[in-house]
Amino acid sequence: MAAAAGRQPPGPAEGEAPAAGREAGAGGEEGEGRAKGGVEAGGCYLALCARPVHFEKANPVNCVFFDEANKQVFAVRSGGATGVVVKGLEDRNPISFRMEDKGEVKCIKFSLGNKILAVQRTLKSVDFLNFIPDSPQLEYTQECKVLPEKRTLKLLKNQSINVNWYMYCPESSVILLSTTVLGNVLQPFYFKSGTMSKLSKFEIELPAAPKSSKLSLSERDIAMATIYGQLYVLYLRHHSRTSNSTGAEVVLYHLPREGSCKKTHILKLNRTGKFALNVVDNLVVVHHQDTETSVIFDIKLKGEFDGSTTIHQFVLPPRSIQPYQIPVAGPPSVTSQAPVPCKLYSSSWIVFQPDIIISASEGYLWSLQVKLEPVVNLLVDKGKLMDFLLQRKECKMVILSVCSQMLSEPERGSLSVIATVFDKLNNEYKKYLEAEQSYTMVVETGLSRSNPLLKRPVRTQAVIDQSDMYTHVLSVFTEKKEAPHKFTIAVLMEYIRSLNQFQIAVQHYLYELVIKTLVQHNLFYMLHQFLQYHVLSDSKPLACLLLSLESIYPPAHQLSLDMLKRLSTANDEIVEVLLSKHQVLAALRFIRGIGGHDSISARKFLDAAKQAEDEMLFYTIFRFFEQRNQRLRGNPSFTPGEHCEEHVTFFKQVFGEQALMKPTTF
């Protein structure tokens, strides 16, 4: 297993195991492998992607190259004369073409967007071929900036420097040059819009003072990667500089666009042997060939700070990459055979940044992936687990699953642990809300026009809002009724406390969940206290819910009225809400409570009473309006303008004409 800086995977001529990059068969079809499940894969938190790029193995007439910038594999047959096949993980349709055989191809790449092909055949020149529509495919050769429309190149800048080796990071457009005799002084250059900027050079601390003046820093021990939006140079130091420390370590140097490069993190491997590095989902993955296991480091998690550098231990115990099975290619009679297990951590594996693994012996290119589900059982500390999960791209459903687990047997957590988790989630939620609010303010005030780079905040999966918690965790938790009711209420109130702590407005449906839970367990005294001391904030939906509780808890009526008075809200809306919930009597009592019963529409209430299909309810409402008519007009009958004829007819059918109220005279 080899770490590769990346122009072309090393081949047998360089003294390494046969590799995918020197000689291989013409590109085959994409295979779809399977990650092997079962007990042995249970704790595996790393996996190879299910749909790799498949190419045939090396042979004398076919060379295979890998382009790190486009993540493409090139299969070049007979120098291109009998075909070139280009495949990438994202490209499901391979690019195929032919080109004139002008000698052995040392390197081949496409520009971004596959518009210009670059082919290196000699040490001093590169040939270019246009792949732009309606442009002639003529080769042109030179040594500097490409102008495809003129089929020429232009020299932009020249630097004289003695270079031992170089490394390029396409994501950050930075090239790193190894200089000096020992090779440990690195000179970075940054490319942008056709310009080249020289960044501050820096020195890599070697494990010990070298005994001879020869190259001591190999490109195999260096990698460049973007972690949490910052560019780092990763140095695999096989022996620690401190005498009391055994085992290798990975030293991270932060390389900013401006300012000096500084050593910021040390990742302790606690073992020796052959290693290779990947970076996946902002995690540094270190593969160890001898034990056929990998470990992961998260530089965002708390480490041991010595005043200048943070020292990290691996987050999880070492585990193998999930077992992987390669499908048998060929006709149906052959493919019915069982898939072949892939040899993991093979000596012919070559690793490219950030997340590519190429198997020369199998003819596959994979991207490496992190699986979050197994992490849940490996990281017992729920606070640390949340810190880890909140930094991952695809974290939402795993986080919600963890929240559900910690509220249920057998993994029920203590209230202090639950509170810690809620606070970590709401901290992320609040940061997003503040960013969104700031953006909205800038847009509304027109300041965005002066800042064209202003972008709307991206809502990542780490933003777990109240709707997520209600739908996936809290409502399910209360419905199960597994936990003691005191614990259930304590959990709900703990989540509301956390929201209040971060000054996030609590949505009414969370309060409704608390009230319904209290009512289910007849805890009316607690409900009364929560309302009296404003633990549950006033809202219109909450007031309507209280009105509907009057039949089982009479004081709820007055509590709701008090709340509505504090809200100074539109009474008509409250009546509409109650009627829509078939709370006809509650609506009538409410309107009487605020003194509006003389002006309300009789038909609206009679419609609602009839829809409730409760004859006694209809009788009560009908009689109320008859009495109102008598009091206001001296006659219980409805006037034509009230449009209640159908309800009068219905009343007669059910209760008889004699049941109609007779006019009262004084």
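Structure: see above.
What this report covers is the structure whose coordinates are included nearby. On a predicted model such as this, the values are computed, not experimentally measured, just so you know.

## Quick word on the pattern of salt bridges
Any two side chains of opposite charge can pair, on the condition that their charged atoms come close.
Then, number 1: Overall, the coordinates contain 25 salt bridges when judged by the stated rule.
Then, number 2: Across the salt bridge formed by Arg237 and Glu205, the nearest N and O atoms sit 3.8 Å from each other. Residue Arg237 is located in strand E21 (residues 230-237), and its partner Glu205 is located in the loop between strand E19 (202-203) and strand E20 (222-227); the two are separated by 32 residues in the primary sequence.
Then, number 3: Residue classification places Arg237 among the buried residues on the basis of a relative accessible area of 2%.
Then, number 4: Of the residues examined, Glu205 reaches a relative accessible area of 30% and is grouped as partly exposed.
Then, number 5: With a shortest N-O distance of 2.6 Å, Glu249 and Arg237 are connected by a salt bridge. Residue Glu249 is located in strand E22 (residues 249-254), and its partner Arg237 is located in strand E21; the two are separated by twelve residues in the primary sequence.
Then, number 6: Taken together, the salt bridges that share partners define one network made up of Glu205, Arg237, Glu249, Lys263 and Lys268.

## Some points on the nonpolar core
Then, number 1: In this structure, Phe388, Met469, Leu474 and Phe605 are the most contacted members of the largest nonpolar core, which totals 137 residues.
Then, number 2: At eight residues, the largest contribution of residues to this core is made by helix H7 (residues 485-501).
Then, number 3: Those residues in contact with Phe605 that lie beyond four places of it in its chain are Val575, Leu579, Val584, Ala587, Leu588, Ile600, Ile621 and Phe625.
Then, number 4: Counting 22 residues, the second-largest nonpolar core is a separate cluster that includes Leu206, Ile222, Leu231 and Val251.

## Quick look at a nonpolar patch on the surface
Then, number 1: Among the surface-exposed residues, Ile161, Val163, Tyr166, Tyr168 and Phe191 lie close enough to one another that they form a single nonpolar patch of about 380 Å² accessible area.
Then, number 2: Structurally, Val163 can be placed in the loop between strand E14 (152-154) and strand E15 (166-169).
Then, number 3: Taking relative accessible area as the criterion, Val163 reaches 40% and is therefore assigned partly exposed.

## Some words on the packing of helix H15 (residues 615-633) against helix H16 (residues 645-655)
Then, number 1: Following both chains from N to C, one finds H15 and H16 inclined at 125 degrees, their axes separated by 11 Å at the closest point. Of the possible angle classes, the one that applies to H15 and H16 is oblique. Crossing hand, H15 versus H16: left-handed. Seen from H15, the contacting residues are Glu615, Phe618, Tyr619 and Phe622; seen from H16, they are His647, Val648, Phe650, Phe651, Val654 and Phe655.
Then, number 2: Residues of the contact of H15 with H16, tallied by class, amount to eight nonpolar, one polar and one charged.

## A few points about the sheet that holds strand E7 (residues 84-88)
Then, number 1: Strand order in the open sheet formed by four strands is E5-E6-E7-E8, and the pairing between neighbours is antiparallel. Two strands lie at the open edges of the sheet, namely strand E5 (62-67) and strand E8 (95-97), each paired on one side alone. Averaged over neighbouring strand pairs, the angle between their axes works out to 15 degrees when direction is ignored.
Then, number 2: Inspection of the sheet shows E5 paired to strand E6 (residues 72-77) by six bridges, in the antiparallel sense.

## Quick word on the environment of Arg77
Then, number 1: Relative to the elements of secondary structure, Arg77 occurs in strand E6.
Then, number 2: For the pair Arg77 and Arg98, spaced 21 residues apart in sequence, the C-alpha to C-alpha distance is 9.1 Å.

## Observations concerning helix H9 (residues 524-532)
Then, number 1: All buried positions along H9 are accounted for by Phe524, Met526, Leu527, Phe530 and Leu531. All buried residues of H9 project into a common sector of 155 degrees when viewed along the axis, lining one side.
Then, number 2: Buried-residue contacts for H9 involve H7, helix H8 (508-520), helix H10 (540-548) and helix H11 (555-567).

Rules used in this analysis
Residues numbered from 1 in each chain as written. Predicted model: local features only at pLDDT ≥ 70, side-chain atom pairs only at ≥ 80, totals over all residues. Heavy atoms only, no water. Salt bridge = Lys/Arg side-chain N within 4 Å of Asp/Glu carboxyl O. Helix = DSSP H or I, 4+ residues; strand = E, 2+ residues; numbered from the N terminus. Buried < 20%, exposed > 50% of the residue type's maximum accessible area, 1.4 Å probe, protein only. Core = buried A, V, L, I, M, F, W, Y, C linked by side-chain atoms within 4.5 Å. Contact = heavy atoms within 4.5 Å. Patch = residues over 30% accessible without salt bridge, like charges linked within 9 Å, V, L, I, M, F, W, Y side chains within 5 Å. Areas by Shrake-Rupley, 256 points an atom, 1.4 Å probe, with all protein chains shown as cover. Axes fitted to C-alpha atoms, helices over the stretch in contact; angles between N-to-C directions. Parallel < 35°, antiparallel > 145°, perpendicular 65-115°, else oblique. Left-handed = near helix turned anticlockwise from the far one by under 90°. Nonpolar A, V, L, I, M, F, W, Y, C, P; charged D, E, K, R; others polar. Pairing = 2+ DSSP bridges. Arc of directions from axis to C-beta.

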